[in-house]
Amino acid sequence: MAGSPVIISEQEVAGLLQYGDLIPRLQEALGKFSRREVDQPVRTTVPLQKHNGFLGLMPTYIETEGLLCTKLVCFYQREAGSTLPSTQATVVLLDPEYGNVKAVMDGEVITAMRTAAVSAISAKLLMRPQAEVLAILGTGKQAQSHYNVFTQIFSFKEVRVWSHTKERAEQFMSSVTGPVTPCVSVEAAVRGADAIVTVTRCTEPVLFGEWVKPGAHVAAVGACRPNWRELDDVLMKEAVVYADSREGAATESGDVILSGADVFAELGDVINGTKPAHREKTTVFKSLGMGVQDAVSAKLVFDQWKHFLSRKLK
Ligand SMILES: NC(=O)c1ccc[n+]([C@@H]2O[C@H](COP(=O)([O-])OP(=O)(O)OC[C@H]3O[C@@H](n4cnc5c(N)ncnc54)[C@H](O)[C@@H]3O)[C@@H](O)[C@H]2O)c1
Ligand SMILES: O=C(O)[C@@H]1CCCCN1
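An unreviewed UniProt entry annotates the protein as Ketimine reductase mu-crystallin of Echeneis naucrates. Turning to the protein, the UniProt annotation filed under Subunit (unreviewed entry) states: "Homodimer. Binds the thyroid hormone triiodothyronine (T3); T3 binding inhibits enzymatic activity." Database annotation for the protein, UniProt heading Sequence similarities (unreviewed entry): "Belongs to the ornithine cyclodeaminase/mu-crystallin family."

Next up on the list: the overall build of the protein. For the protein, the count of helices and strands is eleven helices and 14 strands. For 314 residues, the compact-globule estimate of 2.2 N^0.38 gives 20 Å, and the protein sits close to it at 19 Å. Once the C-alpha set of the protein is aligned to its principal axes, its extents read approximately 60 × 45 × 45 Å. Considering only contacts within the protein whose residues lie at least 6 apart along the sequence, 67% involve residues at least 24 apart.

Taken together, 26 residues surround ligand 1, and among them S86, G140, Q142, G222 and G289 come closest. Broken down by element, the residue count for the shell around ligand 1 peaks at three residues, all from helix α4 (residues 141–153). Both domain 1 (6–109 + 292–313) and domain 2 (111–291) contribute no fewer than three residues apiece to the shell around ligand 1.

Domain boundaries in the protein define domain 1 (6–109 + 292–313) and domain 2 (111–291). Relative placement of domain 1 and domain 2: their C-alpha centres are 22 Å apart. Opposite the 32 residues of domain 1 that make contact, domain 2 presents 24 residues. Put simply, the parts of the chain that give the side of domain 1 that touches domain 2 at least two residues each are α2 (19–34), β3 (53–62), β4 (67–76), β5 (87–94), α3 (108–126) and α11 (291–313). Take the side of domain 1 that touches domain 2: its biggest share by element is nine residues, from α2. Partitioned by chemical class, the residues of the side of domain 1 that touches domain 2 number 16 nonpolar, twelve polar and four charged.

Glancing now at the site of ligand 2. Around ligand 2, the neighbouring residues are G56, V73, F75, T87, T111, C224, L288 and G289. Among the residues forming the shell around ligand 2, the class breakdown is four nonpolar, four polar and no charged. Each of two domains, domain 1 (6–109 + 292–313) and domain 2 (111–291), supplies a minimum of three residues to the shell around ligand 2.

Let's shift gears to the packing of α2 against α3. Where α2 meets α3, the closest approach of the two axes is 9 Å, and the angle between their N-to-C directions is 70°. When the axis of α2 is compared with that of α3, the two are roughly perpendicular. Regarding α2 and α3, the two cross each other, and that crossing is right-handed. Every residue of α3 that contacts α2 at Y19, L22, I23, L26, Q27 and L30 is listed here: M113, R114, A117, V118, A120 and I121. A breakdown of the residues in the contact of α2 with α3 according to their chemical character gives ten nonpolar, one polar and one charged.

What follows covers the sheet that holds strand β10 (residues 195–198). Pairing within the open sheet is parallel, and its eight strands lie in the order β9-β8-β7-β10-β11-β14-β12-β13. This sheet does not close on itself; its edge strands, each paired only once, are β9 (181–182) and β13 (263–266). Where β10 meets strand β11 (residues 217–220), four bridges bridge the pair, whose relative direction is parallel. Note that in β11 the partner of T198 across the bridge is A220.

Our next topic: α2. Relative to the 22 Å expected for 16 residues at 1.5 Å per residue, α2 spans 22 Å between its end C-alpha atoms, a close match to the ideal helical length. Those residues of α2 hidden inside the fold are in contact with β3, α3, β13, α10 (267–272) and α11. Positioned one or two residues after α2, R36 has a phi angle of 60°, which is positive.

This brings us to the pairing of β3. Bridge count between strand β2 (residues 44–48) and β3: five bridges; the pairing is antiparallel. Directly across from T44, in β3, lies its bridge partner L57. Hairpin connection, β2 to β3: the antiparallel pair is bridged by four residues, and N52 has positive phi, about 55°. Relative to β4, β3 runs antiparallel, the two sharing ten bridges. Its bridge partner lying in β4, P59 is registered against T70. In sequence, β3 turns back onto β4 through a hairpin of four residues, with G66 there showing a positive phi of about 60°.

About the thresholds
- Residues numbered from 1 in each chain as written.
- Chains lettered and ligands numbered in written order.
- Predicted model: local features only at pLDDT ≥ 70, side-chain atom pairs only at ≥ 80, totals over all residues.
- UniProt positions renumbered as here; feature names shortened; annotations may be inferred.
- Helix = DSSP H or I, 4+ residues; strand = E, 2+ residues; numbered from the N terminus.
- Rg over C-alpha atoms; globule rule 2.2 N^0.38 Å.
- Contact = placed C-beta atoms within 7 Å.
- Near = placed C-beta within 6 Å.
- Domains from an automatic or database assignment.
- Nonpolar A, V, L, I, M, F, W, Y, C, P; charged D, E, K, R; others polar.
- Axes fitted to C-alpha atoms, helices over the stretch in contact; angles between N-to-C directions.
- Parallel < 35°, antiparallel > 145°, perpendicular 65-115°, else oblique.
- Left-handed = near helix turned anticlockwise from the far one by under 90°.
- Pairing = 2+ DSSP bridges.
- Expected span 1.5 Å × (residues − 1).

Written as structure tokens, this is what we have:
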């Protein structure tokens, strides 16, 4: 008879997950995904029409690692001023042989950190090495995690941020520990930037190709529905477009589907050396988020949790 699942809280996950462990693990997982060594269908999405949201189901199985996991994530388009959360996520880790649940853990920190870590991997592979200016569009949870990991692993001379409301920009400025320049418009934030992160809840384009410096790298993280946009057609058509999952982008990304842009490669193809990294060109990494990213993050959390428990019991 299998034991009861352990419950790992948001605070515990935050204490157990470090970018230093996460980044190499995610890089390895993206490579495996693109070598078709992972069973991970495109997210199943159920509309919650009454609440202007969606439930996403994200199962993953990596047979060679005995890793079976699923994330449940609800995400919403909230009214301006709403105090309800825009994303809520839970990650469930299972035993693939018995089928029992081993752990149920908070998915908020995992979602924030693994998404930012994958964007950082895209920048490591596709951004020009001498990059000096980073622009972040959006000031929510993902903006914070992206600020944290990008300033931790790269040495930008300036970090700029834009928010569509002054209050959100002020909240962001007071929540981060390093220097950041607030900008009054998207254009002011992105002109001359070497790296741009888009982490908004926009459903119409907010970043226009005419403002983007040739050779810049864009990590496009929002707009995860087939009719939602963050980037305009000019940028999508001029840039070399990479994605976490080609199939995911073709199913879920409004920026890819509606612009008609080609996805040149998956990030895993670059990691595997089967497709080149065009650092010299303008590049867009279209991130949708994948179950495999949650699965390897959850395994890291669970292994650390067991390690600390066994030390406590000694
Ligand atoms: N690719 C992935 O793996 C992944 C993972 C998690 C979240 N996301 C997406 O990233 C985006 C940000 O997520 P979050 O958790 O930081 O959300 P959040 O609600 O914490 O922050 C959203 C930000 O978007 C801004 N915003 C809202 N409406 C806007 C509009 N019309 N124009 C401009 N800005 C607007 C808000 O002011 C806020 O700064 C969302 O679109 C979310 O779905 C992607
Ligand atoms: O991969 C994820 O976790 C997110 C959830 C919210 C919508 C976009 N993708």
